[in-house]
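Fold and geometry: a report
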Amino acid sequence: MTTRILPAVGDPDAARSVTTLLSQLPDAEPGAPVGDSTQLIDTLARLAGESLDELPEVVLVHERIGPVPALELIREVSLRFPAIGVVLITADASPGLFAAAMESGARGLVTLPLSYEELVNRVQSAAQWSVGVRRHLGTGGDVFTGPGGTVVTVSGAKGGVGATVTAVQLALASQASGRTVALVDMDLQAGDIASYLDVQFRRSIVDLAAITDISPRVLSDAVFSHSSGLALLLAPGEGERGEEVSDRSARQIVSALRSRYEVVVIDCGSQLQGANAAAIEMADMALLVTTPDVIAVRGAKRTVRMWDRLQIRKAEETLTLVNRFIRNTEIQPPLIEKITGTRMANTAVPANFKELQGAVDAGRMHELDAKSTVKQALWGLAGELGIVKVPENADKRGKFKNDRGSIGRPRRRRDGDTGGRATTEEAR
């Protein structure tokens, strides 16, 4: 049997060394090395989307892989692609690291400098284990093997720009189209999703922070099933407890949610912490919400630059949404796009808070009138993001015949005037 091996090695010299040795293994088919954790996950997701049989039997993870630490990467691969045997390459052969690697889901550990005999033994052992798991899955085992659900993070350029309302409506739109959706409040100190949806629940994301192996049962115990059909994972009622959610636990939580739900929408608020930074880094789409005023646009630019400095997200990988948009405002979307360096959403949300006020005050955002222009714009944004599926009973305009707002297809934005010179210079 041919064993397909995918090495994940960031250092070019180490990659050449690993590839050379792998080419000498019997019945081995080594793939081209991937240089970082993001490329590895994307490659595996693409292969899994084609077929389980397309996945490599063995993945080798070098200890210096980045930006996600090696053990965290092993945990994510093991959770999302359980039919793959993961082997860690490390210079540390201590019992502590060995135990941590096994706890993360590794099937073996190879020490540096690489030894041919040791590499053969570990790769063959991991490959045999992988074949056994795939045989089990082929008989109908109920184990998740797909590329995972879509993760969308929603962040605010500053407080009060509408990130939470956006996150809630995106989740509702996706759920209404027939997808399974989790809505996560990762604004850990000031999260308001529970208030917007009139929820009182004693469990929160903090209850998952100290758990190293989040099983489906543990996850379901922490998630609140809302009447709208959304699965809610809420921020703690005591804001100081948000510090208990580390970036490591956030990665585990997001991975667990991704494996269980088709769409995961995460409200990250406007303050950057380790937990929501990890979520933004892992997300398939990162949405940044701003309003068309100088202060908010400055905040958006500051946020984008900070994400880039911390290697969380590149500007061109970020999608900016303009909320409370007015056609005759001086700061138009093309100008915001130029200032921030991000991509602009085709959808712009109109300034019409009066439509929202009753639903916000009552904590019934899920009952917002389908005729609301704000709701229709945000549900149209969900269609633009690709997190909804248009049902068979949708009309040509992309609306549900049995309500609940527009799921629609993205509308083209008319580029307006960029406005006065003084305001332009202030925003820059």
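Residues numbered from 1 in each chain as written. Predicted model: local features only at pLDDT ≥ 70, side-chain atom pairs only at ≥ 80, totals over all residues. Heavy atoms only, no water.

Looking up the protein in an unreviewed UniProt entry gives the name CpaE family protein, with the organism given as Streptomyces yanii.

**Some words on helix α12 (residues 333–340)**
Every buried residue of α12 is listed here: P333, L335, I336, I339 and T340. Taken end-on, α12 shows its buried residues confined to a sector of 155 degrees, consistent with a single buried face. (Buried < 20%, exposed > 50% of the residue type's maximum accessible area, 1.4 Å probe, protein only. Helix = DSSP H or I, 4+ residues; strand = E, 2+ residues; numbered from the N terminus. Arc of directions from axis to C-beta.)

**Let's talk about the pairing of strand β6 (residues 150–156)**
Where burial is concerned, most of β6 is hidden: six out of the seven residues are buried. Here β6 runs beside strand β10 (residues 263–269); their pairing, made up of six bridges, is parallel. Counted as the bridge partner of T150 is V263 from β10. (Pairing = 2+ DSSP bridges.)

**Some thoughts on the packing of helix α2 (residues 37–50) against helix α3 (residues 70–80)**
Geometry of a packed helix pair, given as the angle between the helix axes and the separation of the axes. Contact pair α2 / α3: the axes reach a minimum separation of 11 Å and the direction vectors enclose 10 degrees. Relative to α3, α2 is oriented roughly parallel. Residues S37, L40, I41, L44 and A45 of α2 form the contact with α3, whose participating residues are L73, E76, V77 and R80. Grouping the constituent residues of the contact of α2 with α3 by class yields six nonpolar, one polar and two charged. (Axes fitted to C-alpha atoms, helices over the stretch in contact; angles between N-to-C directions. Parallel < 35°, antiparallel > 145°, perpendicular 65-115°, else oblique. Contact = heavy atoms within 4.5 Å. Nonpolar A, V, L, I, M, F, W, Y, C, P; charged D, E, K, R; others polar.)

**As for the sheet that holds strand β3 (residues 58–62)**
Taken in spatial order, the five strands line up as β2-β1-β3-β4-β5 in an open sheet, and their pairing is parallel. For this open sheet the edge positions go to β2 (28–30) and β5 (108–111), each flanked by a neighbour on one side alone. In this sheet, neighbouring strand axes are inclined to one another by 25 degrees on average, regardless of whether the strands run parallel or antiparallel. Packed onto the sheet, helix α4 (residues 95–104) meets β4 (85–90) and β5 and runs at close to 140 degrees relative to β5.

**Topic: the packing of helix α9 (residues 247–260) against helix α10 (residues 274–282)**
At a minimum axis separation of 8 Å, α9 and α10 run at an interaxial angle of 45 degrees. When the axes of α9 and α10 are compared, the pair comes out oblique. Like other packed secondary-structure pairs, α9 and α10 cross with a definite hand, here right-handed. In contact with D247, A250, R251, V254, S255 and R258 of α9, α10 contributes G274, A275, A278, A279, E281 and M282. Of the residues that constitute the contact of α9 with α10, the class distribution is six nonpolar, two polar and four charged. (Left-handed = near helix turned anticlockwise from the far one by under 90°.)

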